[in-house]
Amino acid sequence: ADLVRAVVYRFHATVADSMRSGRIFLAGDAAHQMPPFLGQGLCSGIRDAANLAWKLALVNDGVAVDGLLDTYGDERLRHAAGVVDHAVDTGRLIDELSGRAPQRTGLDAAYGGSRPFPILQDGMIHGEHPAVGRQLPQPIVDGRRLDELLGSGFALIVDDLAILDGVDLGWANLGWANLGQVVQVPAAAIPLVLPQGGAVRVRPDRYVAAVAHDAAELRTAGAALLVHITG
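Cut-offs used in this document
- Residues numbered from 1 in each chain as written.
- Predicted model: local features only at pLDDT ≥ 70, side-chain atom pairs only at ≥ 80, totals over all residues.
- Heavy atoms only, no water.
- Helix = DSSP H or I, 4+ residues; strand = E, 2+ residues; numbered from the N terminus.
- Buried < 20%, exposed > 50% of the residue type's maximum accessible area, 1.4 Å probe, protein only.
- Contact = heavy atoms within 4.5 Å.
- Areas by Shrake-Rupley, 256 points an atom, 1.4 Å probe, with all protein chains shown as cover.
- Lys, Arg positive; Asp, Glu negative; His and termini not counted.
- Charge placed at Lys NZ, Arg CZ, Asp CG, Glu CD.
- Pairing = 2+ DSSP bridges.
- Phe/Tyr/Trp six-rings, centres within 6.5 Å; stacked < 30°, edge-to-face > 60°.
- Axes fitted to C-alpha atoms, helices over the stretch in contact; angles between N-to-C directions.
- Salt bridge = Lys/Arg side-chain N within 4 Å of Asp/Glu carboxyl O.

Chemist: Is there a simple way to think about the overall build of the chain in this case?
Modeler: Across its full length, the chain holds 4 helices and 10 strands. Overall, the C-alpha framework of the chain stretches about 70 × 40 × 30 Å when taken along its three principal axes. Here the chain, with 231 residues, has 40% of them falling under the buried criterion. For the chain, restricting intrachain contacts to residue pairs at least 6 apart in sequence, the fraction spanning at least 24 positions comes to 64%. Total accessible area on the chain stands at roughly 12500 Å², and carbon and sulfur atoms take up 52% of it. Distance between charge centroids for the chain: 7 Å, based on 19 positive and 26 negative side chains.

Chemist: Is there a simple way to think about unusual backbone geometry in this case?
Modeler: Backbone geometry follows two general trends: most residues other than glycine have a negative phi, and most peptide bonds adopt the trans configuration. The phi torsion at Leu192 lies on the positive side, around 70°, for a residue other than glycine. Among the secondary structure elements, Leu192 is positioned in the loop between strand S8 (182-184) and strand S9 (199-202). At Arg206, a residue that is not glycine, the phi angle is positive and equals roughly 70°. Among the secondary structure elements, Arg206 is positioned in the loop between S9 and strand S10 (208-212).

Chemist: I'm lost on the pairing of S9 in this one. Help?
Modeler: Each regular strand carries side chains that alternate between the two faces of the sheet. Burial along S9 is two-sided: Ala199 and Arg201 and Val200 and Val202, pointing in opposite directions, are all buried. Two strands pair when backbone bridges link them, and strand S7 (residues 155-158) and S9 are joined in this way by 4 bridges, in the antiparallel orientation. Counterpart to Val158 in the pairing with S9 is Ala199. By the bridge criterion, 4 bridges tie S9 to S10 in an arrangement that is antiparallel. Bridge pairing in S10 places Ala199 opposite Ala212.

Chemist: How do you make sense of the pairing of S10 when you look at a structure like this?
Modeler: Extensive coverage of S10 is indicated by the burial of 5 of its 5 residues. Between S9 and S10, which follow one another and run antiparallel, lie 5 residues, and Arg206 among them has a positive phi close to 70°.

Chemist: Help me out: how do you make sense of the environment of Arg115 in this one?
Modeler: Mapped onto the elements, Arg115 comes out in the loop between helix H2 (70-97) and strand S5 (140-141). For Arg115, a relative accessible area of 29% puts it in the partly exposed group. Between the alpha carbons of Arg115 and His86 there is a distance of 8.6 Å; along the sequence they are 29 residues apart.

Chemist: Explain the packing of aromatic side chains here, please?
Modeler: Both the distance between ring centres and the angle between the ring planes are used here to describe each pair of aromatic rings. According to the stated counting rule, one finds 3 aromatic pairs in the structure shown. For the pair Phe11 and Phe37, a centre-to-centre distance of 5.2 Å together with 90° between the ring planes defines the contact as edge-to-face. On the criterion of sequence distance, the pair formed by Phe11 in the segment before strand S1 (14-15) and Phe37 in the loop between strand S4 (32-33) and helix H1 (41-60) is long-range, its members being 26 residues apart. Since its relative accessible area comes to 30%, Phe11 is described here as partly exposed. Measuring from ring centre to ring centre gives 6.2 Å for Phe25 and Tyr72, while their planes differ by 65°; the resulting arrangement is edge-to-face. Placement of the pair is Phe25 in strand S3 (residues 24-25) and Tyr72 in helix H2, with a sequence separation of 47 residues. A relative accessible area of 0% places Tyr72 in the buried class.

Chemist: Is there a simple way to think about the sheet that holds S9 in this case?
Modeler: Whenever strands of a sheet pair, they do so through backbone hydrogen bonds, lying parallel or antiparallel. Overall, mixed pairing links the 4 strands, which are arranged S8-S7-S9-S10 in an open sheet. Each having just a single partner strand, S8 and S10 make up the two edges of the open sheet. Neighbour-to-neighbour, the strand axes of this sheet turn through a mean angle of 20°, independent of strand direction. Of the strand pairs in this sheet, S7 and S8 are connected by 3 bridges, and their pairing is parallel. Across the sheet, the residue bridging to Leu156 is Val182, located in S8.

Chemist: Sorry if this is basic, but what is going on with the pattern of salt bridges here?
Modeler: Two side chains with opposite charge may pair up if their charged atoms get near one another. The final tally for this structure, using the stated rule, is 11 salt bridges. When the shortest N-O distance is used, the salt bridge between Arg20 and Asp66 registers 2.9 Å. Remark: Asp66 occurs in the loop between H1 and H2 and Arg20 occurs in strand S2 (residues 20-21); sequence separation between them is 46 residues. Residue Lys55 is joined to Glu75 by a salt bridge in which the shortest nitrogen-to-oxygen separation is 2.7 Å. Taken together, the residues Lys55 in helix H1 and Glu75 in helix H2 connect sequence positions 20 residues apart. Take Glu75: its relative accessible area is 1%, and that puts it in the buried class. One continuous salt-bridge network, built from bridges that share partners, spans Lys55, Glu75, Arg203 and Asp205.

Spelled out as structure tokens, the structure:
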């Protein structure tokens, strides 16, 4: 090929100190500038919007307290910083593989290596289950995508309705029905996430908020998550 034009592109790898100041929220490139090597710039901005939109709606409608909005930065800043670091290392790896720099970066720095993708570690999540803080998988259940069954709000996925015996769902009484939506899905349809006989509390942005193996764990998780709504 004939080289017609070449431009030096200097990328930035930065993350804001805070994503909220009163009624002002930063999102997308205003909150974090992503190197191009993972294609995660727009993706991260979409994650910001998906994280913030439902929280703004709940607070604006008077369903949730203002403190829920603080979880936006708590959840997104560390996640975005992890993706920025990953992208920077992948850029270094590209230079090393091309022979432009000495090889010092392991192949695990590349997308698809053993380096784990960042997950939510703070905010409106509860419990130590490996699925907590990760996005819910999207299997086909009874011929439909799982998201179509869950609707657009919170959802409680249960393998067996018996886990609800004696459990006060409570959330539906807050004035937004989707806070208590229950969907029964076979545990085998979401392996490693939904325990047999258990339940999974899913957020509107489709991150797993909590996983319960029995009614006692479900009550504990529900109470812990509800604090972020009621204060």
